[in-house]
Amino acid sequence: MRNILLPIGAILAALLLFGLFVSFAGVDPVEVWVLLFKGAFGDWYSWQNTLQRAAPLMLTALCVAIPARAGLTVIGGEGALVLGGLACAALAHALPLPANALGTVAVCVAGALAGALWIALAGWLRQYRGINETISSLLLAYVAIGLFKHIVEGPLRDPASLNKPSTPALAEDLLIRGMGGSDVHWGLVIGVVVCLLAGLWLRLTPSGFAVRVVGGNPRAAQLVGLPAARLIVVACALGGAAAGLAGAIEVAAVHTSANAALIAGYGYAGILVSFIARHHPVAVIPVAIVFGGFGAAGSLLQRRLGLPDASVLLLQGIAFVLILASEALRDVDFKRLFARMGEFGPSEPVPIVMPSPDAAKGEPK
């Protein structure tokens, strides 16, 4: 219950603080909360936008969640995502792929491999060079974004793309279609399936159990002879593969080519999703849908209330800070705390005995 109530409480507190901030701009907080709900889940159109944004969030959250189960804090999912999208577009441009589902699978696999290699590098640097994975993965993300822009605006640039440099568009037969004629593409199903498979792998397989042992007690893992270094690199590679797959799906299902629109912050938002889900791959699914809804509601806040579209980033930032703060409450014994607080209540009055004048002089009474 504590694992569920603390994140929910943090999100509710973030909504309250967000309402307080927008009230300074002369906007009714209640109206903001109502529009957030309507923009995310109010109708089928809102649901489509929400689910479309939730698909990459699920996969980028796994880039944080899987290494976290091995004891690492990897925050470079944005770099793996953009390189995954770039690899998807580059493979389709470089090789004649079959114009069917096999070609689509090939470009998605290329994206996953690119992301896996990039985040595995952060794990390798941690294990064999002693470089902190949080810093290295973040710096590698900036390197990946720079590399992405260089290639998109240079060697792979489509001459037809003028003001918005991009790679050549994928062939129609390689694109990932929407489900049932809706805007919700099959990438959502892929994200849900990958989250479920990751959860089952961690829970039911020997290698998944070994990763959890390494993350929970590295000394015990060494004592029983587990290959901790290799498991950490594998966990990073699997997380990076998920983020790279997210980039490939965004190219094949949404943008049809690799361009600057791919750098949308999904990798950074996935950090928040993973922390709220307590790095549990299955719990990532509902949390990603909620935060996909927040992102979808940003445009509605802009149209109706004049708030910036990026105002939801403030909400996400507040939620992230409060989620981290709530970790300090996770090990608190509230029953004992309340019991101790009750001990400081009003006590029985103590009578004050004043000495008599004779006693003060030392004479017998």
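Up top you'll find the structure we're talking about.
Thresholds applied
Residues numbered from 1 in each chain as written. Predicted model: local features only at pLDDT ≥ 70, side-chain atom pairs only at ≥ 80, totals over all residues. Heavy atoms only, no water. Core = buried A, V, L, I, M, F, W, Y, C linked by side-chain atoms within 4.5 Å. Buried < 20%, exposed > 50% of the residue type's maximum accessible area, 1.4 Å probe, protein only. Helix = DSSP H or I, 4+ residues; strand = E, 2+ residues; numbered from the N terminus. Contact = heavy atoms within 4.5 Å. Expected span 1.5 Å × (residues − 1). Lys, Arg positive; Asp, Glu negative; His and termini not counted. Salt bridge = Lys/Arg side-chain N within 4 Å of Asp/Glu carboxyl O. Polar contact = N/O pair within 3.5 Å; in protein donor to acceptor, adjacent residues only side chain to side chain. Disulfide = S-S within 2.5 Å. Phe/Tyr/Trp six-rings, centres within 6.5 Å; stacked < 30°, edge-to-face > 60°. Axes fitted to C-alpha atoms, helices over the stretch in contact; angles between N-to-C directions. Left-handed = near helix turned anticlockwise from the far one by under 90°. Nonpolar A, V, L, I, M, F, W, Y, C, P; charged D, E, K, R; others polar. Parallel < 35°, antiparallel > 145°, perpendicular 65-115°, else oblique.

A.B. asks: Before we move on, could you go through the nonpolar core and cite the residues and values that matter?
C.D. replies: One broad trend across soluble globular proteins is that nonpolar side chains are buried collectively. Grouped together as the largest cluster of nonpolar side chains are 104 residues, with contacts concentrated most on V32, L36, M58, L170, F291 and L301. Considering each element in turn, this core owes the most residues, 14 residues, to helix α10 (residues 228-255). Discounting residues that sit within four places of it in the chain, V32 has contacts with F18, V22, V27, L301, L305 and L307.

A.B. asks: Go over helix α13 (residues 311-326), please, and point to the residues and values.
C.D. replies: A rise of 1.5 Å per residue sets the reference length of α13, with its 16 residues, at 22 Å; its end C-alpha atoms lie 23 Å apart and thus fit the reference within 8%. Where the residues of α13 are buried, they touch α1 (2-24), α2 (29-41), α11 (266-276) and α12 (284-305).

A.B. asks: With reference to specific residues and values, describe the side chain of E78.
C.D. replies: By the element assignment, E78 lies in helix α4 (residues 77-94). In this structure, E78 is buried with no salt-bridge partner, the nearest side chain bearing the opposite charge being K149 at 9.7 Å. Polar contacts involving the side chain of E78 include one to the main-chain amide nitrogen of G265, which spans 3.2 Å. Apart from residues lying up to four places away in sequence, E78 is in contact with I145, I263, A264, G265, Y266, G267 and Y268.

A.B. asks: Help me get a handle on the state of the cysteines, residues and values and all.
C.D. replies: Evaluation of the coordinates by the stated rule reveals zero disulfides. No disulfide involves C236; its sulfur sits 8.3 Å from that of C63, the nearest cysteine. What makes C236 buried here is its relative accessible area of 0%.

A.B. asks: Break down the packing of aromatic side chains for me, citing the residues and quoting the values.
C.D. replies: Per the counting criterion, the structure on display carries five aromatic pairs. Aromatic side chains F41 and W47 sit 4.9 Å apart centroid to centroid with 55° between the ring planes, which places their arrangement in the tilted category. Judged by relative accessible area, which is 22%, F41 ranks as partly exposed. Their ring planes at 35° and their centres at 5.8 Å tell us that W124 and Y128 sit as a pair that is tilted.

A.B. asks: How would you sum up the environment of R2? Please name residues and give values.
C.D. replies: Along the chain, R2 falls in helix α1. According to the relative accessible area criterion, R2 is partly exposed, its value standing at 35%. The spatial distance from the C-alpha of R2 to the C-alpha of F291 is 21 Å, given a sequence separation of 289 residues.

A.B. asks: Could you give an account of the pattern of salt bridges, naming the residues involved and the relevant values?
C.D. replies: Pairing between side chains becomes possible if they bear opposite charge and their charged atoms approach one another. Tallied over the full model, the rule gives two salt bridges. Between E172 and R177 there is a salt bridge whose closest N-O contact spans 3.1 Å.

A.B. asks: Help me get a handle on the packing of helix α5 (residues 101-129) against α10, residues and values and all.
C.D. replies: Contact geometry for α5 and α10: axes closest at 6 Å, N-to-C directions at 145°. Crossing of α5 over α10 shows right-handed handedness. From α5, V107, C108, G111, A112, G115, A116, I119, A120, G123, W124, Q127 and Y128 reach across to α10, where they touch A229, I232, V233, C236, A237, G240, A241, G244, L245 and A248. Considered class by class, the residues forming the contact of α5 with α10 number 16 nonpolar, six polar and no charged.

A.B. asks: Talk me through the environment of G39; I want residue IDs and the actual numbers.
C.D. replies: On the secondary structure map, G39 appears in helix α2. A residue is classified by how much of its surface remains accessible, and G39, at 7% relative accessible area, is buried. A sequence separation of 256 residues divides G39 from G295, and the C-alpha atoms of the two residues are 9.0 Å apart.

A.B. asks: Report on unusual backbone geometry, specifying residues and quantitative values.
C.D. replies: If you check the backbone angles, T256 has positive phi at about 65° while not being a glycine. Looking at the element boundaries, T256 is found in the loop between α10 and α11. Residue R278 is not a glycine yet carries a positive backbone phi of 60°. Topologically, R278 is positioned in the loop between α11 and α12. Judged by relative accessible area, R278 falls into the partly exposed class, the value being 33%.

A.B. asks: Kindly report on the packing of α1 against α13, identifying the contributing residues and their values.
C.D. replies: Here α1 crosses α13 at 140°, and the two axes come no closer than 8 Å. When the interaxial angle is binned, α1 and α13 end up oblique. The two elements α1 and α13 meet at a crossing, and its hand is right-handed. For the pair α1 and α13, contact is made by L6, P7, A10, A13, A14, L15, L17, F18 and F21 and by S311, L314, L315, I318, A319, L322, I323 and S326, respectively. Broken down by class, the residue content of the contact of α1 with α13 amounts to 15 nonpolar, two polar and no charged.

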